[in-house]
Amino acid sequence: MNSDDYSVFRNFTNIEQARDFADVLKEIGIEAELIHNNQPLEGTLYSGDVLISNSVQLKIHQKDFAKANAFLDKEADNLTTEIEDSHYLHSFSDEELYEILMKPDEWSNIDYKIAHKLLIQRGKQFDPELLNALRKQRIEDLAKPEASQKAWILFAYIMTILGGLSGIFIGWHIITYKKSLPNGQKIYAYSENDRKHGKTIFIIGLIIFPITFIFSLYQKFKEI
């Protein structure tokens, strides 16, 4: 699997739920892989059906995001035909329900559908174009680079000058790290300016680390 062609579609903390979801996707022709700590999931990584630490990422091909979401939307429509009075979203205010529609990536497809239906029941009407605009705006908001990493970059420069090795890793991370958007697109997480600093830090680290390493060996050789 080429990691550049796959993006995180869902996160799970329960291994059985993750595997069941992957099986459902496979039935509709979508291949998925479960990742834990940047490695394909193995049975030894969990105890019972709960992960020991962190979450499981379910990744699918970027081109399959639309198909997977369309399938989940259809399933959600079937499950939300009757909205139970006991459903927790009934206690949400209109503003909180609108928040779900604005941030569908933070909620399940079922919650999204129920929030939509509850607002309609409360007399709120929606233009399909408005909902599409809300989703598009959400993507644009998430696509914005992370806030300037000034403190982190300053720390990286200091650590690079002191030894070089840590600067190589930090610089490389700043240069290459990407985040996945709800539509499967991958973009650089840091701003262009921060990535320029990352490149400088990386280069300085490549220069300083061999020097400090050779000097350290020389000092030890002198002590013999």
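Quick notes on the rules
Residues numbered from 1 in each chain as written. Predicted model: local features only at pLDDT ≥ 70, side-chain atom pairs only at ≥ 80, totals over all residues. Heavy atoms only, no water. Helix = DSSP H or I, 4+ residues; strand = E, 2+ residues; numbered from the N terminus. Buried < 20%, exposed > 50% of the residue type's maximum accessible area, 1.4 Å probe, protein only. Contact = heavy atoms within 4.5 Å. Areas by Shrake-Rupley, 256 points an atom, 1.4 Å probe, with all protein chains shown as cover. Phe/Tyr/Trp six-rings, centres within 6.5 Å; stacked < 30°, edge-to-face > 60°. Lys NZ or Arg CZ within 6 Å of the ring centre and 35° of its normal. Polar contact = N/O pair within 3.5 Å; in protein donor to acceptor, adjacent residues only side chain to side chain. Axes fitted to C-alpha atoms, helices over the stretch in contact; angles between N-to-C directions. Parallel < 35°, antiparallel > 145°, perpendicular 65-115°, else oblique. Left-handed = near helix turned anticlockwise from the far one by under 90°. Nonpolar A, V, L, I, M, F, W, Y, C, P; charged D, E, K, R; others polar.

Here we look at the overall build of the chain
Then, number 1: A count of helices and strands for the chain gives eight helices and eight strands.
Then, number 2: A buried classification covers 31% of the 224 residues belonging to the chain.
Then, number 3: The contacts of the chain with a sequence gap of at least 6 include a subset with a gap of at least 24, amounting to 69%.
Then, number 4: As presented, the chain carries roughly 14200 Å² of accessible surface, and 56% of it is formed by carbon and sulfur atoms.

Quick notes on the packing of aromatic side chains
Then, number 1: A full pass over the atoms with the stated rule returns nine aromatic pairs.
Then, number 2: Where Tyr 88 meets Phe 92, the ring centres are 5.9 Å apart and the plane angle is 70°; that geometry is what we call edge-to-face.
Then, number 3: Looking at Tyr 88, the relative accessible area reads 40%, which means it is partly exposed.
Then, number 4: Among the residues examined, Phe 92 registers a relative accessible area of 19% and is labelled buried.
Then, number 5: Three or more aromatic residues joined by ring pairs form one cluster here, namely Phe 9, Phe 12, Phe 21 and Phe 65.
Then, number 6: Above the face of the Tyr 112 ring, Arg 135 is positioned so that its terminal group lies 4.7 Å from the ring centre.
Then, number 7: Positioned above the aromatic ring of Tyr 188 is the side chain of Arg 195, whose terminal nitrogen or guanidinium carbon lies 4.2 Å from the ring centre.

A short note on the environment of Glu 106
Then, number 1: Structurally, Glu 106 is set in the loop between helix 3 (94-102) and helix 4 (109-121).
Then, number 2: C-alpha separation for the pair Glu 106 and Pro 182, spaced 76 residues apart in sequence, amounts to 9.4 Å.
Then, number 3: At 2.9 Å, the side chain of Glu 106 and the side chain of Arg 138 are in polar contact.

Let's talk about the packing of helix 2 (residues 65-79) against helix 4
Then, number 1: The contact between helix 2 and helix 4 brings their axes to 8 Å, and the two run at 55°. When the interaxial angle is binned, helix 2 and helix 4 end up oblique. The two elements helix 2 and helix 4 meet at a crossing, and its hand is right-handed. Taken together, the residues of helix 4 that come into contact with helix 2 (itself represented by Asn 69, Leu 72, Asp 73, Ala 76, Asp 77 and Leu 79) are Asn 109, Ile 110, Lys 113 and Lys 117.
Then, number 2: A breakdown of the residues in the contact of helix 2 with helix 4 according to their chemical character gives four nonpolar, two polar and four charged.

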